[in-house]
Amino acid sequence: MTDAPFQLSARGIRKGFGGVEVLHGVDLDATGGSVLALLGENGAGKSTLVKIIAGDYQPDDGRLTIAGQERTSLTPPQARDLGIRMIFQELADAPTLTVAENISLGRWPTRRGLVSWRAVKRRAAEVVEQLGVDLDLDAPVGSLSVGERQIVEIARALSDRARCLVLDEPTAALSSQEAERLFTFVRRLRDQGVALIYITHRLDEVREISDRVVVLRDGNVALEAESGSVSREQMVSAMVGRSLGEVSRPADVHQPPVDATPALRFDGAALAGEFDEVALDVHGGEVVALYGKLGSGIAEVAECAFGVRRLSAGRMELAGKAVSFRQPWDAIAAGVGFLPADRQREGAFMVRSVAENLAAPSWGPLSRRGFLTADREATAYRRWHKELNIRSRDDPRQLLATLSGGNQQKVLLGRWLERQSKVLVLVEPTRGVDVGARQEIYRAIRALAASGVAVLVATSDYEEVVQLADRALVMGRGRVVAQLADHEITTQRLTQEVGG
Amino acid sequence: MMSAEGATEAGRQVPPAATEPGPGPGRAPLLARIPDIAPLVVLLLALGIFFSIKSPFFLNYDNFLNVLTAAAIAGIIAAPATLLLVAGQFDLSVGSALTFCGVLMAYVSDKHGLAAGIVAAILGGLLIGAINGTLVTVVGVNPLITTLGTLAAFVGLARVIADGQTLPVNGFAGLGTSRPLFNIPLPVIVFLVVVGVFYVVMRYTVFGRAMYAIGANPVAARLAGLRTGRLLFISFLLSGTFVALAALINVSQLSAASTNAGNGLELSVITAVVLGGASLAGGRGTIIGTLFGLLVIAVLNNGLTLLSVNSFWQDVARGTLLILAVSFDQLRLRFAVDT
């Protein structure tokens, strides 16, 4: 670390994509020896801003002053040279290499053209010592916990002359114990003169870790304050802002349950390492939301309901009967449908036709003695094409990849309509879907519920909960932390419950 | 409400053109609109015209039958290989399995009669298919490595059984050499029937359709309720069975089982399938494409032989074709899916 404190100032940063401006003249300061918390909802402009600082994007307007050098834009190598490093949520390490190798990854010290393993070990030992961590330098990184791997990445940045470190939601996937440990390192780095920019959703972390806080909303700075002098409520309203009133519950959301016996029920359910003591029930005719952040266990609960994973303890019931699905086809046969979070990787057959995509789970019922004609598939597709308002050419053979994200999602939803599933488990049903299609998907889900289907929506988008759910369960770190009924479901309540 | 910004922020927003209902086929990119099979047909015609001009022996019925006969063995194996590649799987062990089944047939029929020999060959094919299938679907080994291993092991085993010799098989020439219809050799008829059966299987059965789905996205296939492991296992069994059938024809044609019978056969098969438009990425490919791929290779070999080109050049041509076909597949994928 050098003597003059590191100083990064961004002034009047503007940035647009395809004619839509997402940053409207933002100021930001990061100083060596202090932690800046950067808050904001999805789409507020946080990641655009830090990508500009890291040189990944060039601003349309504004200027950056970093360590005394004034620039209008940066390239990634220039940002590196100025000591700026980013640690992303997704780990970017090489799991099969050792801790020491990872710390020097990509810039291994050499002697006469050969890698000097002594120097690799020495450098790693130095930086680990500096961080005050206890890490086995010879252990492969893949054998460490997520928290430890994050620390290895921080060590790597540090050994590479990092003077400004951007941490993007580092605690999202950590246990509370690991998060505590991470805070210790963040403080230690701060004391060593590093400037830290700490992006988070968790309000309670702001006070614990940061000196100053900046809240972005819709591409503007909505709040800038000393962390010690700002209340939780101030931060929430700065984040949610005027949108608080905009997300209203549609009048027709609430449907009284039709059956006394829940269509889907979990009791004392647990999956080792993911969630514990989860109890929930979903009746035919209602939409129940399972709301929580990444790593809270919502996706895992949903996967257990569909047989992708198996409960390690507890009970699962379908219409009053205990079930234990070994594989998804058991769940499908029992009348459960599923929409995975990652449409591209887990849901779609991109290079196949829309009709095939929609009909795949129903091939059995649609076929006669194992034989299936394209006609029957096309008929199945046309049945739901109108109903779901899928915007495509009127051609069942059109490739799924040629549809927009929202329409692809409608096709995948159509699968379970055709299959006549009684219970639908939807994970992040509108992730990556544009606004218009989002409303249509909500309408389709509500219409399904109205027809008697039980819908469980696992989502990390609170607006989705507000617009869709009859009841909501909030999960945090593998447990249900709150249950909200109809009128209690507001953006403010959800944001507060999940932050706690 | 913030979602539009969210999408833009990530810089991934779909251009508006793609979200609107395409009014007609005019919107699909050019390269993706060409029927999969068109370049092959052009290539086949070009080869046909070239060889017809160069050699007086090329363009006649008997030579046409020669081409088909030469394609029959690889063709019978290429049908299940197409099914496998469509599901994103490979079977490199087919050449070695053909040798093994042939030797097994000769060895057993010498001791217990022809019928026992035929049964042994088919059981041998099923055994290899079961081993490949188990390793790939149960143990989870990469199919390339699995079948590379069985390739090495079974050709070795065949040589152990035959003691490195060529084993004669007498009284079994009918399957390979008889010409029951229009002077067409029986192997050609078997070949065309197999292609026909696989055409129906891949187009009109749940099993065949499931293979496309598995190849397009194995995770999504499982989540759509397809029993991916079981289906792939059956496909490997099919591959083994049809290899055994091809081995019987081969033995019958030569009245002997050679320990070199299947050498390099896997290259011909994979080349034909890939040339026929089956994507190495899985999810795409047709049996008709494979049929044309087989014909291109057979015509090329036949023509080069008629022109008295050194047979080593045929290997060069086949290898080059494979590389061209795979490169073309990559370019298509880039144009078809990225837009």
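Scroll up for the structure.
Attention in this report is confined to the structure presented alongside it. (Residues numbered from 1 in each chain as written. Chains lettered and ligands numbered in written order. Predicted model: local features only at pLDDT ≥ 70, side-chain atom pairs only at ≥ 80, totals over all residues. Heavy atoms only, no water.)

Before going further, it helps to spend a moment on helix α6 (residues 94–112) of chain B. All names here are of chain B. Taking 1.5 Å of rise per residue, the 19 residues of α6 would be expected to cover 27 Å, and the 26 Å separating its terminal C-alpha atoms lies within 8% of that figure. Extensive coverage of α6 is indicated by the burial of 15 of its 19 residues. Just beyond α6, the residue with positive phi is G113, at close to 100 degrees. (Helix = DSSP H or I, 4+ residues; strand = E, 2+ residues; numbered from the N terminus. Expected span 1.5 Å × (residues − 1). Buried < 20%, exposed > 50% of the residue type's maximum accessible area, 1.4 Å probe, protein only.)

Counting residues in hydrophobic clusters, the biggest one holds 102 residues, and the most contacted among them are W363(A), I76(B), I77(B), L98(B), F191(B), M211(B) and V269(B). Element by element, the count of residues in this core is highest for helix α5 (residues 61–86) of chain B, at 15 residues. The residues touching V269(B), leaving out its near neighbours within four places in the chain, are A74(B), I77(B), A78(B), A81(B) and V94(B). Counting residues in hydrophobic clusters, the runner-up holds 66 residues, among them A269(A), L417(A), V425(A) and V427(A). (Core = buried A, V, L, I, M, F, W, Y, C linked by side-chain atoms within 4.5 Å. Contact = heavy atoms within 4.5 Å.)

As a further point, take unusual backbone geometry. All names here are of chain A. Positive phi, normally seen in glycine, also occurs at A319, with a value near 50 degrees. In this structure, A319 sits in the loop between β16 (313–318) and β17 (321–322). The exposure class assigned to A319 is exposed, which follows from its relative accessible area of 55%. For R369, which is not glycine, the phi torsion reads 50 degrees and is therefore positive. Relative to the helices and strands, R369 resides in the loop between α14 (363–366) and α15 (374–387). A residue is classified by how much of its surface remains accessible, and R369, at 83% relative accessible area, is exposed.

Our next topic: the packing of aromatic side chains. Here the distance between the centres and the angle between the planes together describe a pair of aromatic rings. Residue and element names in this part refer to chain B. Per the stated rule, a full pass over the model turns up 6 aromatic pairs over all chains. Their ring planes at 40 degrees and their centres at 5.7 Å tell us that F51 and F58 sit as a pair that is tilted. Pairing F198 with F242 gives two aromatic rings, centres 5.2 Å apart and planes at 75 degrees, and the pair type is edge-to-face. Taken together, the positions of F198 in helix α10 (residues 186–204) and F242 in helix α13 (residues 228–254) put the pair 44 residues apart, joining distant regions of the chain. By the burial criterion, F198 is buried, and F242 matches it. (Phe/Tyr/Trp six-rings, centres within 6.5 Å; stacked < 30°, edge-to-face > 60°.)

Attention shifts here to a positive patch on the surface. Side chains of R111(A), R112(A), R118(A) and R122(A) sit close together on the surface and give a patch of like positive charge. For R111(A), the location among the structural elements is in strand β7 (residues 110–111). (Patch = residues over 30% accessible without salt bridge, like charges linked within 9 Å, V, L, I, M, F, W, Y side chains within 5 Å. Areas by Shrake-Rupley, 256 points an atom, 1.4 Å probe, with all protein chains shown as cover. Salt bridge = Lys/Arg side-chain N within 4 Å of Asp/Glu carboxyl O. Lys, Arg positive; Asp, Glu negative; His and termini not counted. Charge placed at Lys NZ, Arg CZ, Asp CG, Glu CD.)

Here we take up the pattern of salt bridges. Residues and elements named next belong to chain A. One pass over the full model with this rule turns up 31 salt bridges over all chains. With its nearest N and O atoms 3.6 Å apart, the salt bridge here joins R265 to D281. Pair noted here: R265 is in strand β13 (residues 264–271) and D281 is in strand β14 (residues 275–282), with a separation of 16 residues, a long-range link. Note that D395 is salt-bridged to R397, the shortest N-O span being 3.5 Å. Judged by its relative accessible area of 68%, R397 falls in the exposed class. Beyond isolated ion pairs, a larger network of salt bridges with shared partners links R265, D281, E286, R315, E317 and R471.

Attention shifts here to a nonpolar patch on the surface. Taken together, F371(A), Y199(B), V200(B) and I288(B) make up a surface patch of nonpolar side chains, about 310 Å² in accessible area. Take F371(A): it is sitting in the loop between α14 and α15. For F371(A), a relative accessible area of 45% gives the class partly exposed.

The subject of this paragraph is the sheet that holds strand β21 (residues 471–476) of chain A. Residue and element names in this part refer to chain A. Sheet architecture is open: 6 strands sit in the order β18-β19-β20-β15-β21-β22, paired in mixed fashion. The sheet is open, and its two borders are formed by β18 (336–339) and β22 (479–485), each paired with just one other strand. Averaged over all pairs of adjacent strands, the angle between strand axes in this sheet comes to 15 degrees, irrespective of strand direction. Of the strand pairs in this sheet, β18 and strand β19 (residues 423–427) are connected by 4 bridges, and their pairing is parallel. Among the inter-strand pairings, F338 is bridged to a residue of β19, identified as V425. This element, helix α10 (residues 298–305), spans β15 (287–291), β18, β19, β20 (454–459) and β21 of the sheet and lies at about 150 degrees to β19. Most of the contacts of helix α16 (residues 405–418) go to β18, to which it runs at about 170 degrees, and overall it touches β18 and β19. (Pairing = 2+ DSSP bridges. Axes fitted to C-alpha atoms, helices over the stretch in contact; angles between N-to-C directions.)

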